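Report on the structure
Single-letter residue listing:
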Amino acid sequence: MTVLEVTGLRRSFAGLRAVDGVSFTVEPGEVVSIIGPNGSGKTTALNLVSGVLRPDSGQVTFQGRDVTGWRPERLAAAGLSRTFQNGRVFGNLTVAENVLIGLTPTLQAARPFSRWRNVPVLRWASLLAETAVALVDPPAVRRELADRQAKVATQLDRFGDRLTPRADLAAHTLSYANRRRTEIARALASGPALLVLDEPTAGMNPAETGEVLEQLLELKAAGQTILLVEHKIDLVMRLSDRVLVLDAGSVIAAGPPEQVRSDPRVIEAYLGKRRPAVRP
Amino acid sequence: MLDTALAGLVNGSSYALLALGLSLIFGVANVINFAHASVFAVGAMSGWWFSVDLDWPLWAVLLGVTAVTGLLGLVINVIAVTPLAKAPPIAALLSTFAVSVVVDNGAQLVFGPETRRFPALLATDNLGLGGLRFGTLDVTILVVAIGLMLVLGWFLRASRYGRAIRAVAQDRDAAAQMGIPLARVQNLAFVIASVLGGVAGVLGGMYLNNISPTVGSTVGMSAFAAATLGGLGSLPGAVAGGLLLGVVEAFGVSWWGGNARTLITFAVLLIVLWVRPSGLFGKRAPLAAEPMTGTFFGAARTVRLRPWQVAVAAVAAYVVPAVALDDYTVQIGVQVVVYAILALSLTLVSGQAGQISLGQAAPLAIGAYTSALLTTATGLDFWLSLPISGVVAAVLSVVLVSPSWRLRGHYVSIATLATGLLVAAAAVNFDWLTNGPSGVSAIPPPTLFGASVSAPLAVYFLDLTILLVVLLLVVRLRRSTLGRIWSAVREDEVAARSSGIAVADYKSLAFGIGGFVAGIGGALFAQQYGYIDPSVFGISVSLLALTIVVLGGLNSPLGAVVGAIVLVGLPEALRMLQETRMLTYGLLLLAVVLFRPQGLMGKVAR
Ligand SMILES: Nc1ncnc2c1ncn2[C@@H]1O[C@H](COP(=O)(O)OP(=O)(O)OP(=O)(O)O)[C@@H](O)[C@H]1O
Ligand SMILES: [Mg+2]
């Protein structure tokens, strides 16, 4: 089943059409990348897909369900995880706690009756039960926590010795690259059906970028479906099954990386009007 | 009809001038200047001094007030706003709030707390038009107010600095890149806003006919409501909101009487926040950039006591008062304990979940009234009334504040402030339920094993035991999965939501549990005094609770207790005057925010 299907997505900000009729699909196990000049609407497209923003029109289908206008927390629980362009970690939580937060949708003992969370008044039964469980801390909750902590350790190990030795440090003490890694670990923890990454290597040096590329290739080999926004063309070319090029909110080219790379419209969009985006 | 509308417009023009300043500052500095209300009061007081003591004519009074309040605005910006530009938004919110307390109570010490007659300087009833009677005063107020608005509009459009202000309001970073001197522009915005506020103080003082140092807080709150109604940051919105609110209040007062004014103001404010938080003219930012409290605790870890230390402290808390302290000191201890319970409710709401509440007196009042009314009117046993008080306070907290969960940061704080004031206003106005301003008296003391708990030591033991239970509850919640989820909500709402956390639910839950705890505190409060009335639950109680937790360490349960001892116990033991006490709270809050944001009981990591 198609993981993600987006049709005719539109969103404008005060008259500016940030995303203007974008359609694409992501199939299971695929890595689809969105590239485009600065301000072309890539992040906005991801925000629309992940529920952070609501589309003005258009439709988003996730694993066969129409999820247009769903709130981000509901989408996350349904298996769509994401990271953010500027990096959003929980600064005063430890690295391990950050990743543990990513496992929230998988908690059952600690969040009883969580399927009632979308029912208006009944949700309070679930919230109060969660409070009671938090106060009592029964064995089932402790077992669940131990299990999730083991999962966190596995996630941290994915990044070699970058995160594991720092598991108990507050995230705000980390280097920029390690914060990005923490964020990726948080997004991956719950085993999402679709991983959405917004410029995961922004602000990283070439060595660090190469490291992230290896990790993403490993993920891809393991069958993880990924929707990626990235400026670093080499990384995009090596990783992607298909590439989508946005300019001024519209898709100007789409297809396999090599084909897109030689498309004259893409070259114009990148070179003709603006310099290719080079990020620090 | 028409004269009510005219009265509303005249009064509303004061609101509009104040709201203009609030919106101007919000636009330029992205700060809600809680000290703006005090500028109004200072304008009124200094205007009184110039005109009555010094006998100046009106034009000179206005010039003098312009100088005084312009300077005050500059000082507010330099002391309380600029140094915190890089700190999270809550810092400037707390510091301007602190400045307002300092200025109000400082003015009270200088001018004395009494209400003074403000001479009208102009005739109030000498003109007529059709059937409508009015005075030179009304005309002057409207002309000066509208004139100032036009001058401001012209200034912002046509002058170099005016355009700079608009550029900064539109996009601070872009303006800085274009070489606009941000610091100077922000100073200028504060000066202009404060001059408008000061002139509003003189006009408002003449119109109201009498003034007191607390006049600012009443009018100031209306101005907040007006600015929010118009849309924070929108200048035409501020004018429209001010005039509209003035007219609505005037009709409300003519129908339901003067006490209804505050009730109307805060009801309007809350409804705007629920229905259309961006106001009539405001634009709503689709995506929040940064969390409200976030790294305010930056690098702060709370001090942790070992179990045996806690045990020793708890035993000492029981034993020392029993063997070593006299009844008066024990009574102070009782107050400390009740405030510690109230502060702990804020530790959950503000420290753990990151929602700064400026109205925690609301659940305290609701709990106190619930318990008082149940035990006096229905004769219910105190022990049954206790949980009921907590539940009623929790439910009302959630119902009143939760519509603002869609909002973030500043707006949540405004909503809590409005809730606190609304509850106090409701206690005054709903006399069929609350017995109005005269309050509820002869609240019976609780009984335990057949004995009445009324001796100071007995009350102290009872309250202390409940405090320890609450402390345990708060500590356990913080260490649980729920506590971690609340931390995530506090740190970054957008990231929390994208990790599957229904942020609104957890905010509601925090307010619900916080309300429950505060409600229990309220019930204890009512029983220990045996008498309550609406004035007991004013904004000063909310302020004290917030100061306690900020001083102790916003994120430290132990800090709430230590803060209560320092801020409630010490002044009581030193028998400080009310104004001196408030002034001290304000100065302390300001100092903590500026110099030790992690509080007494937070320590810096690494
Ligand atoms: N919340 C918002 N409010 C107003 N305008 C916005 C908002 N978010 C994005 N925009 C505008 O929409 C356009 C697209 O922005 P977007 O962030 O999606 O671009 P992008 O392709 O991700 O760029 P970059 O490569 O710089 O990250 C830009 O012009 C931006 O200024
Ligand atoms: Mg982007």
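Computed from a prediction, not measured in an experiment: that's the story for all the values here. (Residues numbered from 1 in each chain as written. Chains lettered and ligands numbered in written order. Predicted model: local features only at pLDDT ≥ 70, side-chain atom pairs only at ≥ 80, totals over all residues. Heavy atoms only, no water.)

Further remarks concern the coordination of the magnesium ion (ligand 2). Protein coordination of the magnesium ion (ligand 2) is provided by Thr43(A) (OG1) and Gln85(A) (OE1), with donor distances spanning 1.8 to 2.0 Å. Of this pair, Thr43(A) sits in helix α1 (residues 42-49) while Gln85(A) sits in the loop between β6 (80-82) and α3 (95-102); the two residues are 42 residues apart in sequence, bridging distant segments of the chain. (Donors = N, O, S within 2.8 Å, 3.2 Å for Na, K, Ca; no water. Helix = DSSP H or I, 4+ residues; strand = E, 2+ residues; numbered from the N terminus.)

Glancing now at the packing of aromatic side chains. Using the criterion set out here, one finds 14 aromatic pairs over all chains in the structure. For the ring pair Phe113(A) and Trp116(A), a centre distance of 4.8 Å and an interplane angle of 10 degrees mean the geometry is stacked. The class for Trp116(A) is partly exposed, based on a relative accessible area of 26%. For the ring pair Trp49(B) and Phe50(B), a centre distance of 5.5 Å and an interplane angle of 45 degrees mean the geometry is tilted. Judged by its relative accessible area of 38%, Trp49(B) falls in the partly exposed class. Each member of the aromatic cluster is reached from another via a ring pair, and the members are Tyr369(B), Phe525(B), Tyr529(B) and Phe537(B). Residue placement shows Arg74(A) over the ring face of Trp70(A); its charged tip is 3.8 Å from the ring centre. Sitting above the plane of the Phe84(A) ring, Arg88(A) keeps its charged end 5.4 Å from the centroid. (Phe/Tyr/Trp six-rings, centres within 6.5 Å; stacked < 30°, edge-to-face > 60°. Buried < 20%, exposed > 50% of the residue type's maximum accessible area, 1.4 Å probe, protein only. Lys NZ or Arg CZ within 6 Å of the ring centre and 35° of its normal.)

Moving on to the environment of Gly210(A). The topology assignment puts Gly210(A) in helix α7 (residues 206-221). On the basis of relative accessibility, which here comes to 28%, the residue Gly210(A) falls in the partly exposed class.

What follows covers the site of ligand 1. All names here are of chain A. In the region of ligand 1, 16 residues are neighbours, and Gly39, Lys42, Thr43, Thr44 and Gln85 sit closest. A distance of 2.5 Å separates an oxygen atom of ligand 1 from a polar side-chain atom of Thr44. Of the residues belonging to the shell around ligand 1, the class tally is five nonpolar, eight polar and three charged. (Near = heavy atom within 4 Å. Polar contact = N/O pair within 3.5 Å; in protein donor to acceptor, adjacent residues only side chain to side chain. Nonpolar A, V, L, I, M, F, W, Y, C, P; charged D, E, K, R; others polar.)

A word on the nonpolar core. Trp486(B), Ile501(B) and Ile532(B) are the most contacted members of the largest nonpolar core, which totals 207 residues. It is helix α13 (residues 327-352) of chain B that contributes the most residues to this core, 15 residues altogether. There are two domains that each give this core at least three residues, and those are domain 1 (2-111 + 130-275) and domain 2 (328-575) of chain B. Dropping the residues within four chain positions of it, Ile501(B) is found in contact with Glu73(A), Ile101(A), Thr104(A), Ile485(B), Ala488(B), Val489(B), Ala496(B) and Tyr506(B). (Core = buried A, V, L, I, M, F, W, Y, C linked by side-chain atoms within 4.5 Å. Domains from an automatic or database assignment. Contact = heavy atoms within 4.5 Å.)

This part takes up the environment of Glu218(A). In this fold, Glu218(A) is placed in helix α7. It is 9.7 Å that separates the C-alpha atoms of Glu218(A) and Arg158(A), two residues lying 60 residues apart in sequence.

All names here are of chain B. In contact at an axis separation of 9 Å, helix α1 (residues 2-29) and helix α8 (residues 182-208) are set at 165 degrees when each is read in the N-to-C sense. Comparing the axis directions of α1 and α8 gives the class roughly antiparallel. Between α1 and α8 lies a crossing of left-handed hand. Where α1 approaches α8, its residues Ala7, Val10, Asn11, Ser14, Leu17, Leu18, Leu20, Gly21, Leu24, Ile25, Val28 and Ala29 are matched on the opposing element by Val185, Gln186, Ala189, Phe190, Ile192, Ala193, Leu196, Gly197, Ala200, Leu203, Gly204 and Tyr207. In terms of residue class, the contact of α1 with α8 is made up of 18 nonpolar, six polar and no charged. (Axes fitted to C-alpha atoms, helices over the stretch in contact; angles between N-to-C directions. Parallel < 35°, antiparallel > 145°, perpendicular 65-115°, else oblique. Left-handed = near helix turned anticlockwise from the far one by under 90°.)

For the rest of this paragraph, the subject is the pairing of strand β10 (residues 250-255) of chain A. The side chains of a regular strand alternate, first on one face of the sheet and then on the other. All names here are of chain A. Here strand β9 (residues 242-247) runs beside β10; their pairing, made up of five bridges, is antiparallel. Directly across from Val243, in β10, lies its bridge partner Gly255. Turn length for the β9-β10 hairpin, with the two strands adjacent in sequence and antiparallel, is two residues, and the turn residue Ala248 shows positive phi of about 50 degrees. (Pairing = 2+ DSSP bridges.)

Another aspect to go through is the domain arrangement of chain B. Residues and elements named next belong to chain B. Taken domain by domain, chain B consists of domain 1 (2-111 + 130-275) and domain 2 (328-575). Buried surface at the junction of domain 1 and domain 2, summed over both partners, amounts to about 2,300 Å²; 83% is from carbon and sulfur atoms. Across the domain 1-domain 2 interface, the total number found is zero salt bridges. Our enumeration of links across domain 1 and domain 2 arrives at one residue pair in polar contact (both at pLDDT 80 or more). When residues of the side of domain 1 that touches domain 2 are assigned to their parent elements, the largest contribution, ten residues, is made by helix α11 (residues 260-275). When grouped by side-chain class, the residues that make up the side of domain 1 that touches domain 2 number 20 nonpolar, four polar and no charged. (Buried area = accessible area lost by both parts, 1.4 Å probe. Salt bridge = Lys/Arg side-chain N within 4 Å of Asp/Glu carboxyl O.)

What follows deals with the interface of chain A and chain B. On the side of chain B, 40 residues touch chain A, which itself brings 42 residues to the contact. Between the two partners, chain A and chain B, sit three salt bridges. Of the charged contacts, one joins Asp492(B) and Arg88(A) as a salt bridge, the two residues approaching to 2.6 Å between their closest N and O atoms. Where chain A touches chain B, the interface holds nine residue pairs in polar contact (both at pLDDT 80 or more). Put simply, the parts of the chain that give the side of chain A that touches chain B at least two residues each are β1 (4-13), α2 (72-78), α3 and α4 (123-136) of chain A. Considering only residue class, the side of chain A that touches chain B consists of 21 nonpolar, nine polar and twelve charged.

Before going further, it helps to examine a positive patch on the surface. All names here are of chain B. On the surface, a cluster of positive charge is contributed by Arg157, Arg160, Arg163, Arg166 and Arg184. No other element matches the three residues that helix α6 (residues 160-170) contributes to the positive patch. Here Arg184 is to be found in helix α8. On the accessibility criterion, Arg184 (51% relative accessible area) is exposed. (Patch = residues over 30% accessible without salt bridge, like charges linked within 9 Å, V, L, I, M, F, W, Y side chains within 5 Å. Areas by Shrake-Rupley, 256 points an atom, 1.4 Å probe, with all protein chains shown as cover. Lys, Arg positive; Asp, Glu negative; His and termini not counted. Charge placed at Lys NZ, Arg CZ, Asp CG, Glu CD.)

In this model, chain A carries a mean pLDDT of 91, and residues with pLDDT of at least 70 account for 96%. Here residues 274-280 of chain A is a poorly scored stretch, pLDDT under 50, and it has 14 contacts once near neighbours within four places are set aside; other chains count. (pLDDT = per-residue confidence, 0-100.)

Further remarks concern the pattern of salt bridges. Residues and elements named next belong to chain A. Applying the stated rule across the entire model yields 22 salt bridges over all chains. A salt bridge links Arg148 to Asp147, with the shortest nitrogen-to-oxygen separation between them at 2.6 Å. Sharing partners across several salt bridges, the network here consists of Glu144, Asp147, Arg148 and Lys151.

Here we come to a nonpolar patch on the surface. Residues and elements named next belong to chain B. On the surface, Leu71, Leu74, Val75, Val78 and Ile79 cluster together into a nonpolar patch covering about 390 Å² of accessible area. Here Leu74 lies in helix α3 (residues 58-81). Of the residues examined, Leu74 reaches a relative accessible area of 30% and is grouped as partly exposed.

Residues and elements named next belong to chain A. Among the structural elements, Arg148 can be located in helix α5 (residues 139-157). Residue class for Arg148 comes out buried when judged on its relative accessible area of 11%. Once you skip the residues sitting within four places of it in the chain, Arg148 turns out to touch Leu100, Leu103, Thr106 and Leu107.

Moving on, we come to α5(A). Taking 1.5 Å of rise per residue, the 19 residues of α5(A) would be expected to cover 27 Å, and the 27 Å separating its terminal C-alpha atoms lies within 8% of that figure. Looking at the buried side of α5(A), the elements it contacts are α3, α4 and α6 (176-189) of chain A. (Expected span 1.5 Å × (residues − 1).)

The next thing to look at is the sheet that holds β9(A). Backbone hydrogen bonds hold the strands of a sheet together, and the pairing may be parallel or antiparallel. Residues and elements named next belong to chain A. The six strands lie next to each other as β6-β7-β8-β3-β9-β10, forming an open sheet whose pairing is mixed. Every interior strand has two partners, whereas the edge strands, β6 and β10, have only one. Direction aside, neighbouring strands of the sheet carry axes that sit 20 degrees apart on average. In this structure, strand β3 (residues 31-35) lies alongside β9, joined through four bridges in parallel fashion. From the neighbouring strand, Ile34 faces β9, where its bridge partner is Leu244. The strands touched by α1 within the sheet are β3, β6, β7 (194-198), β8 (226-229) and β9, with β7 carrying the most contacts at an inclination of about 150 degrees.

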